[in-house]
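Residue strings, one per chain:
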Amino acid sequence: MPEAVQNSLNLHTIIDLFDPIHLNAMDKVSLMDRIDTKFIFHRQQLVSILEKVLGHYTVLEIDGNRVMGYKNQYFDTKNKQFYTDHHNGKGNRMKIRIRAYTDSKRYYLEVKQKSNKGRTKKLRKSISDFQTMLSQEAMEFVKPHIGSDALLFPMLQNTFQRITLVNILTGERATFDTDICFNNDAQEHSMNNLVVAELKQASFNRGSLLFRVLKKEAIHPYRISKYCMGLLSLSDDVKYNLFKEKLLRIKKITAA
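In this text, all values refer to a predicted model and were calculated from it rather than measured experimentally. The residue count restarts for each chain, going from 1 along the sequence in the order it is written. Restriction of local features to residues with pLDDT of at least 70 applies here, the model being predicted, together with a cutoff of 80 or more for giving and counting side-chain atom pairs; totals for whole chains, interfaces and linings are based on all residues. In computing side-chain properties, one takes all heavy atoms of the structure into account and sets aside hydrogens as well as water.

Asker: Provide a residue-level description of the side chain of His87, including the pertinent values.
Answerer: For the purposes of this entry, the term helix denotes a DSSP run of H or I that reaches at least four residues, the term strand denotes a run of E that reaches at least two, and both are numbered from the N terminus. Here His87 lies in helix H3 (residues 81-87). Nitrogen and oxygen atoms within 3.5 Å of one another constitute a polar contact, given that in protein one can donate a hydrogen and the other can accept it, and given that sequence-neighbouring residues count only through two side-chain atoms. Engagement of the side chain of His87 in a polar contact is seen with the backbone nitrogen of Leu242, the distance being 3.1 Å. Contacts are assigned to residue pairs with any non-hydrogen atoms lying within 4.5 Å of each other. Excluding its chain neighbours within four sequence positions, the residues that come into contact with His87 are Lys239, Tyr240, Asn241, Leu242 and Phe243.

Here it is, written out as structure tokens:
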């Protein structure tokens, strides 16, 4: 059996061993104002990590599915101000996107803000369908955060598969994103083998079981933005000198 197929079977097998949590119970850990800690590693390490936290976390299940499809449409200013702010390390920055939860057919317009204190605050508005352009109603929602005169343009789309773990006792969530792909009108780029994991906590806690498991696997916190990496992968006209190390690390992982 091909290695990729075997890994996929192993992944679904371990996920099926977790107790489920359903969407109506997720409000207790919505964490719309939180601390995010990200990690990147090779897909082959994912099963081992999940095995080590089995019994301590539940897994989000919707209509029998435990690996969920996501689709994002990102927007930015004409001069890519949101990207530039992130590249330059600006403390207060944001992202604007339309997100589709493809399995549950839910759609949201989201404003994701990162403060200079490291907190992430997400504001969102439910919408009726996926949009590749911002409607007038959508612009009215985002204007208080970007300024009334700012104009936003579609930059890229992003799709991925996500596993969401929840620990009700500690009030934290963890997500594992795989099969990450970016596209625009001209091209497509996939980051095969890469897992982007994110630990979402009300306050930063190194005592988290998942944090400790990742540390033992020599996987350490790593600042990364899927939007920024996607834009770099699809564009040759953006500043990237401060992202060179990140690009090399991702390339090393995906080529393994």
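Asker: How would you summarise the packing of helix H2 (residues 46-53) against helix H5 (residues 209-216) if you had to cite specific residues and measurements?
Answerer: Axis lines are fitted through C-alpha atoms, for helices just across the contact stretch, and the angle between N-to-C directions can take any value from 0 to 180 degrees. Across the interface, H2 lies against H5 with an axial gap of 10 Å and an inter-helix angle of 135°. Between H2 and H5, the angle is such that the two are oblique. Note on packing geometry: the crossing formed by H2 with H5 is right-handed. On H5, the residues touching Ile49, Lys52 and Val53 of H2 are Leu209, Leu210, Val213 and Leu214. As a working rule, the residues Ala, Val, Leu, Ile, Met, Phe, Trp, Tyr, Cys and Pro are called nonpolar, Asp, Glu, Lys and Arg charged, and the rest polar, with Gly in that last group. When the residues that make up the contact of H2 with H5 are grouped by side-chain class, the tally is six nonpolar, no polar and one charged. Just so you know how the angles are binned, under 35 degrees is roughly parallel, over 145 roughly antiparallel, 65 to 115 roughly perpendicular, and the rest oblique. Left-handed describes a crossing in which the near helix is turned anticlockwise from the far one by less than a right angle; the clockwise case is right-handed.

Asker: Tell me what's going on with the packing of aromatic side chains, and back it up with residues and numbers.
Answerer: Pairing of aromatic rings covers Phe, Tyr and Trp, the last counted by its six-membered ring, and requires centre-to-centre distances within 6.5 Å; plane angles under 30 degrees mean stacked, over 60 mean edge-to-face, and any other angle means tilted. On inspection of all chains with the given rule, the structure shows seven aromatic pairs. Counting every residue linked through ring pairs, the aromatic cluster contains Tyr70, Tyr101, Tyr108 and Phe160. Positioned above the aromatic ring of Tyr108 is the side chain of Arg124, whose terminal nitrogen or guanidinium carbon lies 4.0 Å from the ring centre. Lysine and arginine charges are scored as sitting over a ring when NZ or CZ, respectively, is within 6 Å of the ring centre and within 35 degrees of the ring normal. Across from the ring centre of Phe160, 4.9 Å away, lies the NZ or CZ of Lys226, which sits over that ring.

Asker: Which residues make up the pattern of salt bridges, and what values do they have?
Answerer: Counted as salt bridges are all cases of a side-chain nitrogen of Lys or Arg within 4 Å of a carboxyl oxygen of Asp or Glu. Taken as a whole, this structure holds 14 salt bridges when the rule is applied. The shortest N-O distance in the salt bridge between Arg66 and Glu61 comes to 2.7 Å. We call a residue buried when its accessible area falls under 20% of the maximum for its residue type, exposed when it is over 50%, and partly exposed in between, using a 1.4 Å probe and counting protein chains only. Using a relative accessible area of 12% as the deciding quantity, one classes Arg66 as buried. Under the relative-accessibility criterion, Glu61 is labelled buried at 17%. Residue Asp177 pairs with Lys226 through a salt bridge whose shortest N-O separation is 3.0 Å. Remark: Lys226 occurs in helix H6 (residues 226-234) and Asp177 occurs in strand E9 (residues 172-183); sequence separation between them is 49 residues. Taken individually, Asp177 and Lys226 each receive the classification buried, so the pair is uniform in this respect. Among the ionic contacts, a cluster of salt bridges with common partners joins Arg97, Glu110, Lys122 and Arg124.

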